[in-house]
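# Structure at a glance
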Amino acid sequence: MSPSMIETLFSGLIHGGVYALVAVGMSLVFGVTNVANFAQGSLVAVGMMTAWWVGSSLGWGLIPTLLAVILVTGLVGLVMSLLVITPLEGRQPIAALLGTVGVGQVLDNGMQLIFGSQTRPFPELLPTHNLHALGIRFGTSDLVMSLVALVSMAVLWGFLTYGKDGQAIRATSQDSQAAKQMGVPVTSIRTLAFVIGSVLAGIAGIFIGLFKTNINPMDGGAIGMTAFVAAAIGGLGSIPGAIVGGLVLGLAEAVGVGFFGDGVHDLITFGTLLLVLILRPSGFMGSKANLHNEPMAGTFLEAARPIRLPHWANPGLAAAALATPFFFSDHLSGIGTQVTIYAIAAVGLTLISGSAGQTILGLAGPVAVGAYASALLTMRLHWPFAVSLLGAAIIAALAASLLTFPVWKLSGHYVAIATIGVGAVMVAIIRIWEPLTRGSLGLQGIPLPTFLGRPLYTQQMQYLLDLVILLLALLVVSSIQSSHLGHVFESIGEDTQAAQSLGIRTGAYKALAYALASGLAGIAGALLAHQYTYIDPTLFNPVMSSLILTIVVLGGMKSPTGAVIGSLILVGAPELLRILPEVRIMAYGLLLVIFIIWRPQGIFSTRRRAS
Amino acid sequence: MVRGTGQERLHRSIITATASITAAMTMTGALSACGLGGDTDSSSGPEDHVTIAAIYPKTGLYAEYGKMFQQGFDLAKDEINEKGGIKGKQLNIAYYDTQSDAKQDAAVAPKIASDKSVIAVVGDYSSPASSAASPIFQQAGLVHYGFNNSSPVFTKSGDHVWTPQIGDNTYQEVNADAVSKRAKKVSVVYLENDWGRESYRYFRQEAERRGLQIAYQSSYLPDSTDLTPILIPAKDAAPDAVVDIGYGPDGALILNTLRDKLGYKGPFFGGQETKEFLALTGANSQDTIITGSFSATGTKDNKAQAFVKSFEKRYHTVPGNFEVTSYQAIMDLAHAGEKTSPTRQGIQEALKTADDFPLYQGNGGTFRFNTRTRRADEIKPILLQVDKGKFKQIEE
């Protein structure tokens, strides 16, 4: 092996160790509470910024810094657990997931307000580049980090195996009902696991700071996402799996990026995720037993059904909506276009995530494909707008079906995770396919939408177009829901195994529901492209995916009308919150958390009584 | 029969939909008097102030740049108003936080366009976000002055879209020239976005013309946290110098990785003319050469020196590239308003005709726009070298 290969592998291992540290906490929380904590990355950033503050401003050493970080992240974890996680216990895990998304936003933006927005050097609590061996430079920090990772894993293992509370944690994670009957205080045990997970995140923050050397209060998002991928590769819920997953991901990235350059970084990260899940459907060390409770699917539906309006209400509301462009100002119409376009994407998602009960986390992928398809069809082939729009829907549906094809044999939450990968891979391919898409340069000069050949050049005209398409989408989706096909979707969502035993090929139907949702997402993308007139791959980011999912969950998973209300709140609110510019995004996160605690079944759904 | 079959229900909902669309069409007819033509001009006579709208990232990932922009804007506005405003009208800046997110730019642009006191728009930070708003300003006959948008296609959205940003081609010509005078063989890494790709293309062209060999190249994603895997082969190619085409924080990551982890001691071209970059790299930045647009200590232009002085007095810190370009953006537009009239048409007219816009960047003096490309070809970049934690302007 050449020296530079050794160097590359070594750097991959160290980077993988960083992923592993964060993934361990994530996996622990997931295993015990069934909550995919999307604020884990933000908790890492809390630890990192606390360490930065006491380490540089106050000049504290490593040990006092460590204690301060444990205290702060433990407290934040405790508060988060008591205020957000516990109230949602026994409710739909996806509600808790979105609660953590909201908390993450509050934490990220709160830290930016407190500490300022600049990137800053992390204090050198341990020497980072003082050692040489085998032609490789490394630091005491790297050694200590590896040691901490191993020790914390060993301690955690010992605690879970021999400790009284640890055994209670494991019992809770295996069967919370049984644990409760055996006298385990399940709620406190969950809180304990959550606090331990938060403290692990904080400690990881110190080492990530040392590793990165330059840090920013907003670093949490990217760290959390990669750690989640690492935890999924290792097998969610498995602590040794999280370490293996982190190391595998670190090595794969180092070798792949070393060969092909960093431009394909996303493709390698998410491609590795997909590959591992296809070969080993529950990750490297995930237990098969975990797959039966589908924490991100199905559960939401048991307790909720959409609110039904009297039959005259729908046409009335539709007519009222269609009237709005005629007296809305430019500003309101401008917000209206964004609200309706996001609603179009979300309405489609009610079929797959609501009816068929399969959470989709990567819908930005089909949105991007639709946007590029329609833009290229009008610009290169000079197709009329209306035809390109249909073309965009078909191409997005096809591309999504093709890439997701191997995913449907997975079970439980791994499908949801795999869709993150599919979405990211779609956007990565668009970026790399430069001769067709102009890659990172983006497409500019996309023609405005037209109606009967005339360009729709005012906000009101575009808003009206978006509204008409939204109403058609609502019509199509609610017709499907009340058709035979819709009942099949629903039976899969309510009880996959029962559906299967009736001879329904659940995978194929989920694929069909996803294709339909992708088609609508493609139309939403096409509308965005023609109204912005410029697109590039950065527009279609994970934030877009989680926004669309949040809209559906907030509105009430099965309710297409709810999706419109969700979009009105989630896309409209940041605009209405402009009166508070400083804390606008923080208030938005807070609002999201409050809504989810208030109506975890979704705004436009009622809770169904247990029968 | 209690419940209809699926098919019957499908029919029923189609009927319902047809009915609702018909109802809507009727209402459409009734309401079409109000029309879809957009806000009508409701200007209520002369006012005592005019507004420049700023779309910028006050919060979010790019908030640090937003902060620097706002410092430049505010300083320029106060100086203009102290001198009596633009043709006697006080200047007001309306700030809109977009997080440099295209969705928010598109949503807020119509509000700006319909505010009749707005005579021009400055911002946003990134080109995709700016470009999502451009068509709306273009439609409203409102100048969109994307002072930070160097993307080569930015101004193509319409004849009201302008930028004084130094073009990527001009930048890279100077950059490649400086590199070729100090090296024969280089490794190049560049940012994987619209700007980085285009800049690298120009750099490669200019390098070829000058016989500069590119021994290794790779792009990198803006949010990558570890670039060791591409910097190992970059160093192994045994280059005379490493060139980075990127921004500040990523440039710092690359420089620190090269120096601390890989023990690379050769020359480095890249980084950003910000205090942040100096703070992040510390001693590693010694002798780094940056192709930039402004030197607070090196500028020989009188008005630029005065700007540095008042900036230091107000904010207790030295201005860099982002502060000076945002300051200049407001000064340019005020100058345009003085030349013709502080109105939308006036600004557009002056950008086409005036040939003496005040230039604070580069070597100072004045500049004019190329009316075909709506860019400022005449602004030339300068070379800066880091010495003991400070940027020094160097002459070739």
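Anyway, here's the lowdown on the structure attached to this text. (Residues numbered from 1 in each chain as written. Chains lettered and ligands numbered in written order. Predicted model: local features only at pLDDT ≥ 70, side-chain atom pairs only at ≥ 80, totals over all residues. Heavy atoms only, no water.)

### Re the overall build of chain A
Regarding its fold elements, chain A presents 25 helices and ten strands. Since a compact globule built from 611 residues should have a radius of gyration of about 25 Å, the 24 Å found for chain A is in line with a globular shape. Dimensions of chain A along its principal axes, counting C-alpha atoms only, are 70 × 55 × 50 Å. The burial tally for chain A puts 63% of its 611 residues in the buried class. For chain A, contacts bridging at least 24 residues in sequence account for 79% of all contacts bridging at least 6. Total accessible area on chain A stands at roughly 22,400 Å², and carbon and sulfur atoms take up 70% of it. Each charge class in chain A was averaged separately, 26 positive and 22 negative side chains, and the resulting centres sit 9 Å apart. (Helix = DSSP H or I, 4+ residues; strand = E, 2+ residues; numbered from the N terminus. Rg over C-alpha atoms; globule rule 2.2 N^0.38 Å. Buried < 20%, exposed > 50% of the residue type's maximum accessible area, 1.4 Å probe, protein only. Contact = heavy atoms within 4.5 Å. Areas by Shrake-Rupley, 256 points an atom, 1.4 Å probe, with all protein chains shown as cover. Lys, Arg positive; Asp, Glu negative; His and termini not counted. Charge placed at Lys NZ, Arg CZ, Asp CG, Glu CD.)

### A few points about the overall build of chain B
If you tally the helices and strands in chain B, you get twelve helices and 14 strands. Per-residue burial over chain B gives 62% buried out of 396 residues. Once local pairs closer than 6 in sequence are excluded, the contacts in chain B between residues at least 24 apart make up 68%.

### A few points about empty space enclosed by the protein
Under the criterion given, the structure shown has nine cavities of 30 Å³ or more. Considered as a void within the structure, the second largest cavity measures approximately 220 Å³ in volume. In terms of lining, the second largest cavity is formed by 20 residues, of which the most central are A:Ile14, A:Arg137, A:Asp142, A:Phe211 and B:Lys261. Mapped onto the lining of the second largest cavity, the elements with two or more residues apiece are α1 (3–33), β3 (136–138), α5 (140–162) and α8 (186–212) of chain A. Considering every element that reaches the lining of the second largest cavity, the biggest residue donor is α1(A), with four residues. Residue composition of the lining of the second largest cavity, by class: nine nonpolar, six polar and five charged. (1 Å grid on protein atoms, 1.4 Å probe; cavity = no way out; pocket = protein on both sides within 12 Å on 5 of 7 lines; lining within 4 Å. Points joined across faces, edges and corners; volume = space filled by probe spheres on them. Nonpolar A, V, L, I, M, F, W, Y, C, P; charged D, E, K, R; others polar.)

### Some details on the environment of A:Leu160
Residue and element names in this part refer to chain A. Mapped onto the elements, leucine 160 comes out in helix α5. Residue class for leucine 160 comes out buried when judged on its relative accessible area of 11%. Between the alpha carbons of leucine 160 and alanine 171 there is a distance of 9.7 Å; along the sequence they are eleven residues apart. Beyond its immediate chain neighbours, meaning those up to four positions away, leucine 160 contacts Leu28, Gly166, Gln167, Ile169, Arg170 and Ile239.

### Comments concerning the interface of chain A and chain B
Opposite the 73 residues of chain A that make contact, chain B presents 79 residues. Carbon and sulfur atoms make up 61% of the area that chain A and chain B hide from each other, which totals about 6,600 Å². Taken together, chain A and chain B are joined by one salt bridge. Here A:Glu434 makes a salt bridge to B:Arg197, at a shortest N to O gap of 2.7 Å. The interface formed by chain A and chain B contains 17 residue pairs in polar contact (both at pLDDT 80 or more). Counted by class, the side of chain A that touches chain B contains 26 nonpolar, 32 polar and 15 charged residues. (Buried area = accessible area lost by both parts, 1.4 Å probe. Salt bridge = Lys/Arg side-chain N within 4 Å of Asp/Glu carboxyl O. Polar contact = N/O pair within 3.5 Å; in protein donor to acceptor, adjacent residues only side chain to side chain.)

### Quick word on the side chain of A:Thr550
All names here are of chain A. By the secondary structure assignment, threonine 550 is in helix α23 (residues 542–555). Classification of threonine 550 by relative accessible area gives buried; the value is 5%. Excluding residues within four positions of it along the chain, threonine 550 makes contact with Leu98, Leu570 and Leu592.

### As for a nonpolar patch on the surface
All names here are of chain A. A contiguous nonpolar surface patch, about 570 Å² in accessible area, is contributed by Leu71, Leu75, Leu78, Val79, Leu82 and Leu83. In this structure, leucine 83 sits in helix α3 (residues 62–85). Residue leucine 83 is classed as exposed on the basis of its relative accessible area, which comes to 57%. (Patch = residues over 30% accessible without salt bridge, like charges linked within 9 Å, V, L, I, M, F, W, Y side chains within 5 Å.)

### Quick look at the side chain of A:Thr272
Note on placement: A:Thr272 falls in helix α11 (residues 265–279). Apart from residues lying up to four places away in sequence, A:Thr272 is in contact with A:Ile233, A:Leu249, A:Ala252 and A:Leu267.

### Some thoughts on the sheet that holds strand β3 (residues 118–123) of chain B
Residue and element names in this part refer to chain B. Read from one edge to the other, the open sheet built from five strands follows the order β2-β1-β3-β4-β5, with strand pairing classed as parallel. Edge strands, defined here as strands with exactly one partner in the open sheet, are β2 (90–97) and β5 (161–162). Against the sheet, helix α2 (residues 63–82) touches β1 (49–56), β2 and β3, its axis set at about 165° to β2. Contacting β1, β2, β3 and β4 (143–145), helix α11 (residues 321–339) runs over the sheet at an angle of about 155° to β3. (Pairing = 2+ DSSP bridges. Axes fitted to C-alpha atoms, helices over the stretch in contact; angles between N-to-C directions.)

### Notes on unusual backbone geometry
Each neighbour pair has its own omega, and for B:Gly123 with B:Asp124 the value is 0°, a cis peptide bond. For B:Asp124, the position within the fold is in the loop between β3 and α4 (127–139). If you check the backbone angles, A:His382 has positive phi at about 55° while not being a glycine. Considering the arrangement of structural elements, one finds A:His382 in the loop between α15 (364–379) and α16 (385–404). By relative accessible area, A:His382 is classed as exposed at 63%.

### Describing the packing of aromatic side chains
For the coordinates displayed, the defined rule picks out 34 aromatic pairs over all chains. With centroids separated by 5.1 Å and ring planes inclined at 85°, the aromatic side chains of B:Tyr327 and B:Tyr360 adopt a geometry described as edge-to-face. With B:Tyr327 in helix α11 and B:Tyr360 in the loop between β11 (357–358) and β12 (366–367), this residue pair connects regions lying 33 residues apart in the sequence. As far as the burial class goes, B:Tyr327 and B:Tyr360 line up, both buried. Through a chain of ring-to-ring contacts, the aromatic side chains of B:Tyr56, B:Tyr62, B:Tyr65, B:Phe69, B:Phe73, B:Tyr95, B:Tyr125, B:Phe147 and B:Phe322 assemble into a single cluster. Directly above the ring of A:Trp52 sits A:Arg120, whose terminal nitrogen or CZ lies 4.5 Å from the centroid. (Phe/Tyr/Trp six-rings, centres within 6.5 Å; stacked < 30°, edge-to-face > 60°. Lys NZ or Arg CZ within 6 Å of the ring centre and 35° of its normal.)

### Concerning the packing of α1(A) against α5(A)
Residues and elements named next belong to chain A. Packing of α1 against α5 leaves a shortest axis separation of 10 Å and a crossing angle of 25°. Between α1 and α5, the angle falls in the class roughly parallel. Of the two elements, α1 crosses α5, and the hand of that crossing is left-handed. Together, Ile14, Gly17, Val18, Leu21, Val24 and Leu28 of α1 and Asp142, Met145, Ala149, Leu156 and Leu160 of α5 make up the contact between the two elements. Split into classes, the residues belonging to the contact of α1 with α5 amount to nine nonpolar, one polar and one charged. (Parallel < 35°, antiparallel > 145°, perpendicular 65-115°, else oblique. Left-handed = near helix turned anticlockwise from the far one by under 90°.)

### Structural notes on the pairing of β2(B)
All names here are of chain B. Two elements, β1 and β2, share eight bridges in a ladder whose sense is parallel. Looking at the pairing, isoleucine 55 lines up with tyrosine 96 of β2. Regarding the hand of the β-α-β motif, the stretch spanning β1, α2 and β2 is right-handed. (Right-handed = clockwise from strand over helix to strand, strands pointing away.)

### Comments concerning the pattern of salt bridges
All names here are of chain B. This model, assessed by the stated rule, comprises 22 salt bridges over all chains. Residue aspartate 177 pairs with lysine 181 through a salt bridge whose shortest N-O separation is 3.0 Å. Exposure remark for aspartate 177: the relative accessible area of 24% places this residue in the partly exposed category. Given a relative accessible area of 52%, lysine 181 falls into the exposed group. Ionic pairing is found between glutamate 198 and arginine 201, a salt bridge with its closest N-O pair at 2.8 Å. A residue pair is termed a helical-turn pair when its members lie 3 or 4 positions apart in one helix, as glutamate 198 and arginine 201 do in helix α6 (residues 194–209) at three residues. Take arginine 201: its relative accessible area is 34%, and that puts it in the partly exposed class. Within this structure, Asp177, Lys181, Glu206, Arg209 and Arg210 form a network of salt bridges that share partners.

### Quick look at the nonpolar core
Most often, soluble globular proteins have nonpolar side chains that are buried together. A:Ile352, A:Leu527, A:Ile535, A:Phe540 and A:Ile548 are the most contacted members of the largest nonpolar core, which totals 188 residues. If you tally residues by element for this core, the top one is α8(A), at 15 residues. If you look at the next biggest cluster of nonpolar residues, it comprises 51 residues, including B:Tyr56, B:Val324, B:Phe367 and B:Phe369. (Core = buried A, V, L, I, M, F, W, Y, C linked by side-chain atoms within 4.5 Å.)

### What to know about the packing of helix α19 (residues 459–482) of chain A against helix α24 (residues 560–576) of chain A
Residues and elements named next belong to chain A. Running from N to C, α19 and α24 point in directions that differ by 145°, and their axes come no closer than 9 Å. Here Leu470, Leu474, Val477 and Gln481 of α19 lie close against α24, whose contacting residues are Pro560, Thr561 and Val564. Grouping the amino acids of the contact of α19 with α24 by side-chain chemistry returns five nonpolar, two polar and no charged.

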